[in-house]
Amino acid sequence: QVQLVESGGGLVQAGGSLRLSCAASKSIFSMNNILWYRQTPGKQREWVASLVSGGATNYEESVKGRFTISRDSALNTGYLQMNNLKPEDTGVYSCNADLRTTSGGRLNRYWGQGTQVTVSS
């Protein structure tokens with residue numbers, strides 16, 4: 001069974017940068033329609049950024065100009081580059097994407113378990 005695995009989280013000072021990765025746990029045919037979310041205890045999961053298969057990107061207003069979503073189609077890996085991080089960016093970041101495990105196979109949407117991002121003042 002395929003799953004998404006996020007990596008790249010950590011503890012950084014305000015103003016620092018991190019790059020998160022979202023990769024399938026094993027070989028897949030394709031990854032499409034990638035979204036990143038973040039969640040803080042006591043708050044609902046918040047959408048952060050999205051990249052649709054057509055190439056269009058969208059960002060939550062508070063991260064616009066600081067975060068960049070991208071993907072490497074050859075590696076079937078999604079990324080979230082986070083620059084000029086603020087304490088308010090702290091949370092568990094999870095990726096969500098459509099995966100096709102084999103050519104002509106079923107297309108399903110998957111969630112990763114998330115990676116912790118902590119930004120100190």
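The paragraphs below set out a description of the structure included in this document. Note that the structure is predicted; figures quoted are calculated from it, not measured.

Thoughts on the side chain of Glu 6
At step 1: Note on placement: Glu 6 falls in strand 1 (residues 4-7).
At step 2: Despite its burial, Glu 6 pairs with no opposite charge, the nearest such side chain being Arg 45 at 7.3 Å.
At step 3: A polar atom in the side chain of Glu 6 sits 2.8 Å from the backbone nitrogen of Cys 95.
At step 4: In terms of polar contacts, Glu 6 uses its side chain to reach the backbone amide nitrogen of Gln 113, at 3.2 Å.
At step 5: For Glu 6, the residues in contact, after removing those within four places along its chain, are Ser 21, Trp 36, Tyr 93, Ser 94, Cys 95, Gly 112, Gln 113, Gly 114 and Thr 115.

So, the state of the cysteines
At step 1: Counted by the stated rule, this structure contains 1 disulfide.
At step 2: Across the disulfide, Cys 22 is cross-linked to Cys 95 (sulfur-sulfur distance 2.0 Å). Here the S-S torsion is close to 70°, and the disulfide linking Cys 22 with Cys 95 is therefore right-handed. Placement of the pair is Cys 22 in strand 3 (residues 18-24) and Cys 95 in strand 9 (residues 91-100), with a sequence separation of 73 residues. Taken individually, Cys 22 and Cys 95 each receive the classification buried, so the pair is uniform in this respect.

What counts and how
- Residues numbered from 1 in each chain as written.
- Predicted model: local features only at pLDDT ≥ 70, side-chain atom pairs only at ≥ 80, totals over all residues.
- Heavy atoms only, no water.
- Helix = DSSP H or I, 4+ residues; strand = E, 2+ residues; numbered from the N terminus.
- Buried < 20%, exposed > 50% of the residue type's maximum accessible area, 1.4 Å probe, protein only.
- Lys, Arg positive; Asp, Glu negative; His and termini not counted.
- Salt bridge = Lys/Arg side-chain N within 4 Å of Asp/Glu carboxyl O.
- Polar contact = N/O pair within 3.5 Å; in protein donor to acceptor, adjacent residues only side chain to side chain.
- Contact = heavy atoms within 4.5 Å.
- Disulfide = S-S within 2.5 Å.

Any functional reading would require information that these geometric values do not contain.
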